[in-house]
Amino acid sequence: MLSDPIDSPTSAPTRRPSSPAPTQPILEVIDATHAYDGVVALENVTVTAAPGEFLTILGESGSGKTTLLRLISGLEKPYRIGALRLGGVDVREVPAFLRDCTTVFQNYALFPHLTVGANVEYGLKVRGIAAAERRTRARQALELVQLADMYDRKIHQLSGGQRQRVALARALVPQPAILLLDEPLGALDEKLRVDMQVELLELQKRLGMTFIYITHSQEEALTMSDRIILMRKGKIEQEGPPTTIFDRPVSSFAARFMGVENCFDAELTGVSGSDALIRVGDHHLIGRWSGRKPPKAGAKVAVGIRAERLRLARAAPTGPDLNVLPCRGGGAIYKGKYLDRAVETDVAPMKARIWDASAADGEPSCVWWRKDDCIVMEP
Amino acid sequence: MSTMTLTQDRAERAQTKRHSRLGQSTGWITLAKVFGVVALAMIYIPLLWLAVMSFAASPLSGVPFPLTLDNYRQLGGDGRWLPPLWTSVWLSGLVALVCMLIATVVGRSITRMRRPGGVILLTLLPLFVPGLTTGAALFIFLRTILELKLGIWSIFLGQLVWALPFCMLLILVIASRFDLRLLEAAEDLGASPWRRFWDIEMPILRPGIFGAGIFGFLLSFNELPRSLFLRGLETTLPIYNWAMAASQQSQVPIIFSLTTIILAVTLPVMGAFFWVLFVKLDKS
Ligand SMILES: Nc1ncnc2c1ncn2[C@@H]1O[C@H](COP(=O)(O)OP(=O)(O)O)[C@@H](O)[C@H]1O
Ligand SMILES: [Mg+2]
């Protein structure tokens, strides 16, 4: 019932050339730097994307995500850039309206004086495509985002979720090589956001289009992406597939951003293989190094353990790969599906997650975790 | 009376909607109604009186009776007022057109400035300069200092200086609310600079642009003090009316009928124009 605009017979001059060889990236941003009135927003950032990839730019507000997207779309001219290629073609001097990518803006930026249909058609209209074909393709795109019956509505008659879909349809219709999405779900409520995440992902897989997706939500990034780029103050903090970023953050910033609850400072005393030996006060612990550069003994490091990997016990277990710290019980926070127990240790206050609430009775005397769950990283 | 019931209706709806403090006391509403009625009466009664008196045998007597078409007959027979009318029509049309153009170009650049405050003030300040002052100043500047021969072009200049700030005001009100991000969205979708203006910015600014045209026309069409200084040997309709009214007692009745005709034509035309602009285009 739903048909992709991509499959429709068309003579559009903008039709993508036969897809480039799989090894050639469809997007290359090399060494981009940008500043607004002396305020550096982006510093030596390099980003590449493969055709059909779902690449997420993750970072807190003000970290330069939108700036990066605007450099790609051409709406902002970079202060300095090594190279900027779309589909292997240098586009540094190509104005935004001639670049083969479209954007779903954070505020949607729908044209208030046009109908939904005219908004969606606009990208085709400026390419000189005949009215009949425009209409057909706009209707297909609206079907794709499940707004087929809204063609003649005015923008102000739509809800937030519907506007978001119109913005998506409008950006999809010209069939760009790359779709740029700037926190497209940010303004939607929780339930709608989760539904739209699934729909967007399905759409991207079906169309085989490259998505560059901006979000500040680590949960959204983890569920949707092929690869994540974590930004911090205009620089790339870490990049990799979701599992790498989730399990092996390179720094305490990355760890905290990815929701590692227990983070504290330590000193590296030695390295053997991938094992990192560390000392916090009088306690010696063992973990796995996950920083960028090979570590040196004596360096200051950060240690991170996820709450769900911490175990509470009344008697200390023993084993070569276990870290054990004595603890005093604190309060419990009820979270519905699970329970968070806060405990005091000599090292830092810690939080342990207990999935079986009935097992939370009693006072634990120690907290323990495996070597593999102990992330040692750059401070 | 139908407008009265309409305003009343609206006032009541507004009251129930907002429960404003003022709206609670009927005293204020009554006062507002009284002022409103008085103001409307002040505007329309003299106009109506003028129309009625244009049919009077001796308009200056203050008694409309006996009614007669003599004034109109006389007007039809006298052709002297026709050339000034045509001069005024095309001159005002030109002023309106140039106002629309300049105000649009300048207005949209002002809204793109970082700190537009000073420029806006400077642009709108001429609104407060008395007409005779502007006229005299331009006269001295063009005639005495530049030693140019005055004519239609200098009337045009004076009227443009007069109408432009109003037109700027109209455009600025609309343009300052225009979201520049819409142009970026259009650019992102592949629209060239010209298409961005034509498809997105112009339609949204259109009420302001047309409004500027209407006001430019009206302000120019009724302008007298500047034209008097800058006319050279030319005559516009306001100059003609003024000259007739000032010099020749016998011509006054004709002016009554002439102004009535102009009113009878312009009011419906302007009404229709506004209706198309704000009701029809808004719905489509
Ligand atoms: N138009 C602008 N003028 C001045 N500073 C800007 C502008 N846009 C962004 N910035 C600054 O650049 C930095 C990065 O902004 P942005 O790329 O929008 O971040 P993000 O999208 O990650 O929230 C911020 O410090 C922001 O204040
Ligand atoms: Mg942003």
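All values derive from a computational prediction rather than experimental measurement. Along each chain, numbering runs from 1 in the same order as the chain's sequence is written. As a convention, the first chain written is A and the first ligand written is 1, with the rest following in written order. The model is predicted, so local features are restricted to residues of pLDDT at least 70 and side-chain atom pairs to those at 80 or more, both for listing and for counting; the totals for chains, interfaces and linings are taken over all residues. Just so you know, side-chain values use all the structure's heavy atoms and leave hydrogens and water out.

A. Summary view of the domain arrangement of chain A. For the domain bounds, the source is a domain assignment made automatically or taken from a database. Here chain A is partitioned into domain 1 (27-247) and domain 2 (261-377). Inter-centroid distance (C-alpha atoms) of domain 1 of chain A to domain 2 of chain A is 39 Å.

B. Main features of the UniProt feature "domain: ABC transporter" (unreviewed entry) in chain A. UniProt positions are given in the numbering used here, feature names are shortened, and annotations may be inferred rather than shown by experiment. In the numbering used here, UniProt assigns the feature "domain: ABC transporter" (unreviewed entry) to residues 27-258 of chain A. The numbering of helices and of strands both runs from the N terminus, where a helix is a DSSP run of H or I of at least 4 residues and a strand a run of E of at least 2. Here residues 27-258 of chain A is 36% helix and 25% strand, with 26 Å between the C-alpha atoms at its ends.

C. Fine view of the side chain of D188 of chain B. With respect to the helices and strands, D188 of chain B occurs in helix 9 (residues 181-188). For D188 of chain B, which is buried and forms no salt bridge, the nearest opposite charge comes from R170 of chain A, at a distance of 6.9 Å. In contact with D188 of chain B, not counting residues within four places along its chain, are S73, C101, T102, T103 and F105 of chain A. Throughout, exposure labels follow a simple rule: accessible area from a 1.4 Å probe, protein chains only, divided by the maximum for the residue type, with under 20% read as buried, over 50% as exposed, and the rest as partly exposed. His is not counted, nor are the chain ends; Lys and Arg add positive charge and Asp and Glu add negative charge. The working definition used for a salt bridge is a side-chain nitrogen of Lys or Arg within 4 Å of a carboxyl oxygen of Asp or Glu. Throughout, a contact is declared for two residues whenever any of their heavy atoms are within 4.5 Å.

D. Expanded view of the sheet that holds strand 15 (residues 311-313) of chain A. All names here are of chain A. Strand pairing requires that DSSP identify at least two bridges connecting the strands. Taken in spatial order, the five strands make up an open sheet running 15-19-16-17-18, and their pairing is antiparallel. Two strands bound the open sheet, and with one partner strand each, they are strand 15 and strand 18 (349-354). Averaged over neighbouring strand pairs, the angle between their axes works out to 45 degrees when direction is ignored. Direction of pairing for strand 17 (residues 339-345) relative to strand 18: antiparallel, over a ladder of six bridges. When the bridges of strand 18 are listed, E344 appears paired with P349. Every axis corresponds to a line fitted to the C-alpha atoms, with the helix fit spanning only the stretch in contact, and the corresponding angles, defined between N-to-C directions, vary from 0 to 180 degrees.

E. Here's a closer look at the interface of chain A and chain B. The interface is formed by 25 residues belonging to chain A together with 21 residues belonging to chain B. Contact with chain B buries surface across chain A, with F97, H113 and Y122 of chain A losing the most and accounting together for 31% of the total. On the surface where chain A and chain B come into contact, there are two salt bridges. In this structure, R70 of chain A and E184 of chain B form a salt bridge, with 2.8 Å as the shortest nitrogen-oxygen distance. Definition of a polar contact: a pair of N or O atoms within 3.5 Å, with one able to donate and the other able to accept a hydrogen when the atoms are protein atoms, and with sequence-neighbouring residues admitted only if both atoms are side-chain atoms. Viewed at the interface, chain B and chain A are joined by six residue pairs in polar contact (both at pLDDT 80 or more). Where the side of chain A that touches chain B is concerned, the elements lending two or more residues are helix 1 (65-73), strand 6 (101-104), helix 2 (116-125) and helix 4 (160-172) of chain A. What counts as buried area is the accessible surface, traced by a 1.4 Å probe, that two parts surrender upon association, with contributions from both included.

F. Fine view of the sheet that holds strand 4 (residues 83-86) of chain A. All names here are of chain A. Across the sheet, which stays open at both edges, the four strands sit in the order 2-1-4-5 with antiparallel pairing between neighbours. Of all the strands in the sheet, the pair left with one neighbour each is strand 2 (39-49) and strand 5 (89-90). Here strand 1 (residues 27-36) pairs with strand 2 via seven bridges, running antiparallel. Bridge pairing in strand 2 links A35 to V40. Where helix 1 meets the sheet, its contacts fall on strand 1, strand 2 and strand 4, and the angle it forms with strand 1 comes to roughly 120 degrees.

G. The UniProt feature "transmembrane region" (unreviewed entry) in chain B, seen in detail. Taking the numbering used here, the UniProt-annotated feature "transmembrane region" (unreviewed entry) corresponds to residues 27-52, 85-107, 119-146, 152-175, 204-221 and 254-278 of chain B. When the span residues 152-175 of chain B is considered, its composition is 100% helix and 0% strand, and the gap between its end C-alpha atoms is 32 Å.

H. Structural detail: the packing of helix 2 of chain A against helix 3 (residues 131-144) of chain A. All names here are of chain A. Orientation of helix 2 relative to helix 3, taken along the N-to-C sense of each, is 120 degrees, at an axis distance of 9 Å. Comparing the axis directions of helix 2 and helix 3 gives the class oblique. Along this stretch, helix 2 crosses helix 3, giving a crossing that reads as right-handed. Contacts between helix 2 and helix 3 involve V116, G117, V120, E121, L124 and K125 on the former and, on the latter, R134, R135, R137, A138, A141 and L142. Each angle is binned into one of four classes, with values under 35 degrees roughly parallel, values over 145 roughly antiparallel, values of 65 to 115 roughly perpendicular, and all other values oblique. Whether a crossing is left-handed or right-handed is set by the direction in which the near helix is turned from the far one by less than a right angle, anticlockwise for left-handed and clockwise for right-handed.

I. Here's a closer look at the pattern of salt bridges. Residue and element names in this part refer to chain A. Applying the stated rule across the entire model yields 32 salt bridges over all chains. In this structure, E28 and R85 form a salt bridge, with 3.2 Å as the shortest nitrogen-oxygen distance. With a gap of 57 residues between them, E28 in strand 1 and R85 in strand 4 connect regions that are remote in the sequence. Here E28 falls in the buried class, since its relative accessible area comes to 12%. The class of R85 is partly exposed, set by a relative accessible area of 28%. One network of salt bridges, with partners in common, ties together E261, E308, D340 and R353.

J. How the structure looks around the confidence of the model for chain A. Residues and elements named next belong to chain A. A residue's pLDDT is simply how confident the predictor is in it, with values from 0 to 100. On average, residues of chain A carry a pLDDT of 89, and 93% of them reach 70 or more. Put simply, strand 16 (residues 322-334) is where chain A has its lowest mean pLDDT, 86, and strand 3 (residues 54-58) is where it has its highest, 97. Within the model, pLDDT remains below 50 along residues 1-17, and this stretch shows 39 contacts once partners closer than five positions in the same chain are excluded.

K. Summary view of the packing of helix 4 of chain A against helix 5 (residues 190-207) of chain A. All names here are of chain A. Relative orientation of the contacting elements helix 4 and helix 5 amounts to 15 degrees, with a least axis distance of 12 Å. Taken together, the axes of helix 4 and helix 5 lie roughly parallel to each other. Considering the relative orientation of helix 4 and helix 5, their crossing is right-handed. Residues G161, Q164, R165, L168 and L172 of helix 4 pack against L192, M196, E199, L200, L203 and L207 of helix 5. Here the contact of helix 4 with helix 5 is composed, by residue class, of seven nonpolar, two polar and two charged. Classification convention: Asp, Glu, Lys, Arg as charged; Ala, Val, Leu, Ile, Met, Phe, Trp, Tyr, Cys, Pro as nonpolar; all other residues, Gly among them, as polar.

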